[in-house]
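Observations on chain architecture
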Amino acid sequence: MASAALVMLMTPGLAFFYGGMVRVKSVLNMLMMNFICLAIVSVLWVLYGFGESFSSDAFGGLIGNFHNAGFADTWGKLAGYAVAATDSSPAVAWPGNDAIPVLAFAMFQLMFAIITPALISGAIADRVKFWGWSLFVVLWVTIVYFPVAHWVFSFDGFMGADSAGGWIASKLKALDFAGGTAVHINAGAAGLALAIVLGKRKGWPKDTGRPHNVPFVLLGAALLWFGWYGFNAGSALTAGDLAGVAFTNTTVATAAAVLGWLLVEQIRFGKPTTLGAASGAVAGLVAITPACGFVTPLGSIAIGVIAGAVCALAVGLKYKLGFDDSLDVVGVHLVGGIIGTLLIGFFGTTKVNSAGADGLFYGGGFAQLGKQAVAAFTVLAFSFVITLIIGFVLKKAGAFRVSEEDEVSGIDEAQHAESAYDFGGSLLGGHGPGTPVSLAPKNVTLEGSKA
């Protein structure tokens, strides 16, 4: 439950991270696009999302059988794993020694379901109707996220001694400790699809504005990093050595990614930026997410440096390929998720986690790398195609993109009837509406007030 609370904090953290990067006239819309995911997905999770994701498999490892819809048969229940007998220890019957309450697990996984659609919002900043986005979240988590969560996170024998899980987790046996495929590749592919469907912002790429509040961006990155410990270490599902390994790897990979991103900036542009440091941290967090429970700290440093450098280069792809990914969801989450998922096939070692696999650098050959690639690109293709269809239908119905007039004049005012900052009133010496102009302080200028 503590880890679930940490992961919950990631969504407001993401809102600040994204909100600082948009223009001043669309910051509230971006904050709301993230915040509404907390409301929508929480309700859907209870109604049917948890049952769709984690009930015993309905067929082919593709979707749960909805046995736990409405949170039926959850309170007072435990989940865990039976333990086979060994030469040194007896067998332990299901649910095992590390069993946890089903409701605690359900709340932990809910927070993953909330932040995944929120991640997509950065790809389509400045141009989306709020209620159209809300409808998209309902459709996307139902058709895309909940089934993919079943593929990746639902394991045979966890929800019950005879429960059947998803095909990636239990049949393919690709490794994803905390959501590189289900969360980041999934969201990144969806962001790419929506960026294509919705089209470019007016004036892109020449005139898209600068980040209106870089301190917000760094604050958001810090909150994400903090909450990510619940995301990654919490995925051990017990407070022990494996959680400590995941916590350690999350720290060092993120630190290395910051350095990798900043070195690329220094070489390319001659200066390291605050925005780059924040983006590098998120790239490292993304890349280490699937690998944090399967690699050594040294392997994590390598993954972090690679992710930071490659993602710093990848954010420029949108200009070469012509898609307007507003806040680099593709360059950071899709590319970073693929890097972290594939590099398990190189750096994974059973010395860290006996439930993992040895990668190429530990004598395991290419077998695990092949499994990782199948998982990564299957999720990518599924998410991209289905999101493309959902986005196209909503766009044709007129429910998705704001008018050009609203985009230019300010999406906050058009969609929410409010603005993030009041550049008059109390900022000008405390004089509110109706104060005679002659009483206002003289020679007051506000940087950015023209914008």
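Structure's up top.
Everything in this summary refers to the structure shown in the same document. Every residue gets a number counted from 1 within its own chain, in the order that chain's sequence is written. Per-residue local features of the predicted model are confined to residues with pLDDT of at least 70, and side-chain atom pairs are confined, for both listing and counting, to 80 or more; whole-chain, interface and lining totals are unaffected and use all residues. Excluded from the side-chain calculations are hydrogens and water; all other atoms, namely the structure's heavy atoms, are used.

Helix and strand labels come from DSSP, where a helix needs a run of H or I of at least four residues and a strand needs a run of E of at least two; each type is numbered from the N terminus. On a plain count of helices and strands, the chain comes out with 15 helices and two strands. Its C-alpha radius of gyration of 23 Å places the chain within 12% of the 22 Å reference for a compact globule of 451 residues. C-alpha atoms of the chain, sized along the principal axes, occupy 90 × 50 × 40 Å. Each residue is placed in one exposure class: buried if its accessible area under a 1.4 Å probe, protein chains only, is under 20% of its type's maximum, exposed if it is over 50%, and partly exposed if it falls in between. For the chain, buried positions account for 54% of its 451 residues. What makes two residues a contact is simply this: any of their non-hydrogen atoms within 4.5 Å. Pairs at least 24 residues apart make up 75% of the contacts formed inside the chain by residues separated by at least 6 positions. Computation of the radius of gyration draws on C-alpha atoms alone. For the globule rule, the value is 2.2 Å times the number of residues to the power 0.38.

Roughly 1300 Å³ of volume is contained in the largest pocket. With a 1 Å grid spanning the protein atoms alone, the term cavity applies to any set of points in which a 1.4 Å probe fits but cannot get out, the term pocket to an open set with protein on both sides within 12 Å along at least five of seven lines, and the term lining residue to any residue with an atom within 4 Å of a point. Lining the largest pocket are 43 residues; nearest its centre among them are Met-21, Gly-209, Arg-210, Pro-211 and Leu-275. Elements with a minimum of two residues in the lining of the largest pocket: α1 (2-21), α8 (241-269), α9 (274-288), α10 (297-314), α11 (317-321) and α12 (329-347). Each residue is assigned to one of three groups, with Ala, Val, Leu, Ile, Met, Phe, Trp, Tyr, Cys and Pro labelled nonpolar, Asp, Glu, Lys and Arg labelled charged, and all others, Gly among them, labelled polar. Classifying every residue of the lining of the largest pocket by side-chain character gives 23 nonpolar, 10 polar and 10 charged. Roughly 1100 Å³ of internal volume is contained in the second largest pocket. Contributing to the lining of the second largest pocket are 37 residues, with Tyr-81, Ala-236, Leu-237, Leu-242 and Ala-355 lying nearest its centre. Grid points are joined across faces, edges and corners, and a volume is the space filled by probe spheres set on the points.

Defined by distance alone, a disulfide is two cysteine sulfur atoms within 2.5 Å. Overall, the coordinates contain zero disulfides when judged by the stated rule. Here Cys-292 is not cross-linked by a disulfide; its sulfur's nearest cysteine counterpart is in Cys-311, at 17 Å. Under the relative-accessibility criterion, Cys-292 is labelled buried at 0%.

Moving on to unusual backbone geometry. Here the residue pair Trp-94 and Pro-95 is connected by a cis peptide bond, since its omega of 10° sits within 30 degrees of zero. With respect to the helices, strands and loops of the structure, Pro-95 is situated in the loop between β1 (78-79) and β2 (100-101). In this chain, Trp-204 is followed by Pro-205 through a cis amide linkage whose omega measures 5°. Checked against the element boundaries, Pro-205 lands in the loop between α6 (180-198) and α7 (214-232). Phi is positive for Phe-71, which is not a glycine, with a value near 60°.

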